[in-house]
Amino acid sequence: MRENGPDPLSIVSRAELIELVRRDRTQNLTIALANGAFDLLHVGHIRYLEGAKREADRLVVAINSDKSVRGLKGPSRPILPETDRAELVSALRAVDYVVTPLLELLKPDVHCKGTDYTVDTVPERETVRAYGGRIAIVGDPKDHSTTDLLSRLK
């Protein structure tokens, strides 16, 4: 057991996550959710997830599916498949649980997004507001990205 949560490989199914979050909430722990592609981890990802962890007692990270990443980033992405991206993210100390997207099912106390968003531009803002959650913008300025790293490698 890690100091800040479950064992290092914390990839869970949706059903397992529901039970873990239910248990955490019975202990009055708050839940934050961060999501993204996390394709080729870089310092911006680490700062984003560490910032999100500071917003609540538990941090759930939802990994975008391969199909979603292709739609967002183009046909050559992701570089790493969803399962590999999930395993890498789950090994980070700030992360408690890793799953595929499930905002409406989980209803986290805090939905965390990176600094390329504002509270008013977060795509999920209406969903979060509807169930009474809050949005936190976390991490450092977006001057790191996998897209930029890949273009520099070419």
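For the structure, see preceding data.
Described below are features of the structure shown in this document. In this text, all values refer to a predicted model and were calculated from it rather than measured experimentally.

Criteria and cut-off values
- Residues numbered from 1 in each chain as written.
- Predicted model: local features only at pLDDT ≥ 70, side-chain atom pairs only at ≥ 80, totals over all residues.
- Heavy atoms only, no water.
- Helix = DSSP H or I, 4+ residues; strand = E, 2+ residues; numbered from the N terminus.
- Contact = heavy atoms within 4.5 Å.
- Pairing = 2+ DSSP bridges.
- Axes fitted to C-alpha atoms, helices over the stretch in contact; angles between N-to-C directions.
- Core = buried A, V, L, I, M, F, W, Y, C linked by side-chain atoms within 4.5 Å.
- Buried < 20%, exposed > 50% of the residue type's maximum accessible area, 1.4 Å probe, protein only.
- Salt bridge = Lys/Arg side-chain N within 4 Å of Asp/Glu carboxyl O.

**What about the environment of D120?**
Inference 1: The topology assignment puts D120 in the loop between β4 (110-113) and α6 (125-130).
Inference 2: C-alpha separation for the pair D120 and I135, spaced 15 residues apart in sequence, amounts to 9.3 Å.
Inference 3: With residues up to four places along the chain from it excluded, the contact list for D120 reads R125 and R129.

**A look at the sheet that holds strand β3 (residues 97-99)**
Inference 1: Taken together, five strands build an open sheet; the order of strands is β3-β2-β1-β4-β5 and the sheet is parallel. Either end of the sheet is taken by a strand with one partner, and the two such strands are β3 and β5 (134-137). Strand-to-strand, the axes of this sheet are offset by a mean angle of 25°, without reference to chain direction.
Inference 2: Of the pairings in the sheet, the one linking strand β1 (residues 31-36) to strand β2 (residues 58-63) comprises six bridges and is parallel in character. Counterpart to N35 in the pairing with β2 is A62.
Inference 3: Where helix α1 (residues 14-26) meets the sheet, it contacts β1, β2 and β3, and its direction lies at approximately 145° from that of β3.

**Examining the nonpolar core**
Inference 1: With 19 residues, the main nonpolar core has L49, L59, V61, V89, V95 and C112 as its most contacted residues.
Inference 2: Elements supplying a minimum of two residues to this core: β1, α2 (43-53), β2, α4 (82-90) and β4.
Inference 3: Of all hydrophobic cores here, the second largest spans 16 residues; its members include V12, I31, L102 and V128.

**Side note on the pattern of salt bridges**
Once their charged atoms are close, side chains differing in charge can pair, the charge on each being opposite to the other.
Inference 1: The full count for this structure, using the stated rule, is 14 salt bridges.
Inference 2: The salt bridge involving R23 is made with D24; its shortest N-O contact spans 3.2 Å.
Inference 3: Residue R23 is classed as partly exposed on the basis of its relative accessible area of 33%.
Inference 4: A residue is classified by how much of its surface remains accessible, and D24, at 0% relative accessible area, is buried.
Inference 5: The partner of R77 in a salt bridge is D39, with the nearest N and O atoms 2.9 Å apart. Here the residue R77 occupies a position in the loop between α3 (66-73) and α4, and D39 occupies one in the loop between β1 and α2, the gap between them amounting to 38 residues. Neither R77 nor D39 differs from the other in exposure class; each is buried.
Inference 6: A cluster of three or more residues bridged by salt bridges with shared partners is formed by D120, R125, E126 and R129.

These figures capture arrangement, not role.
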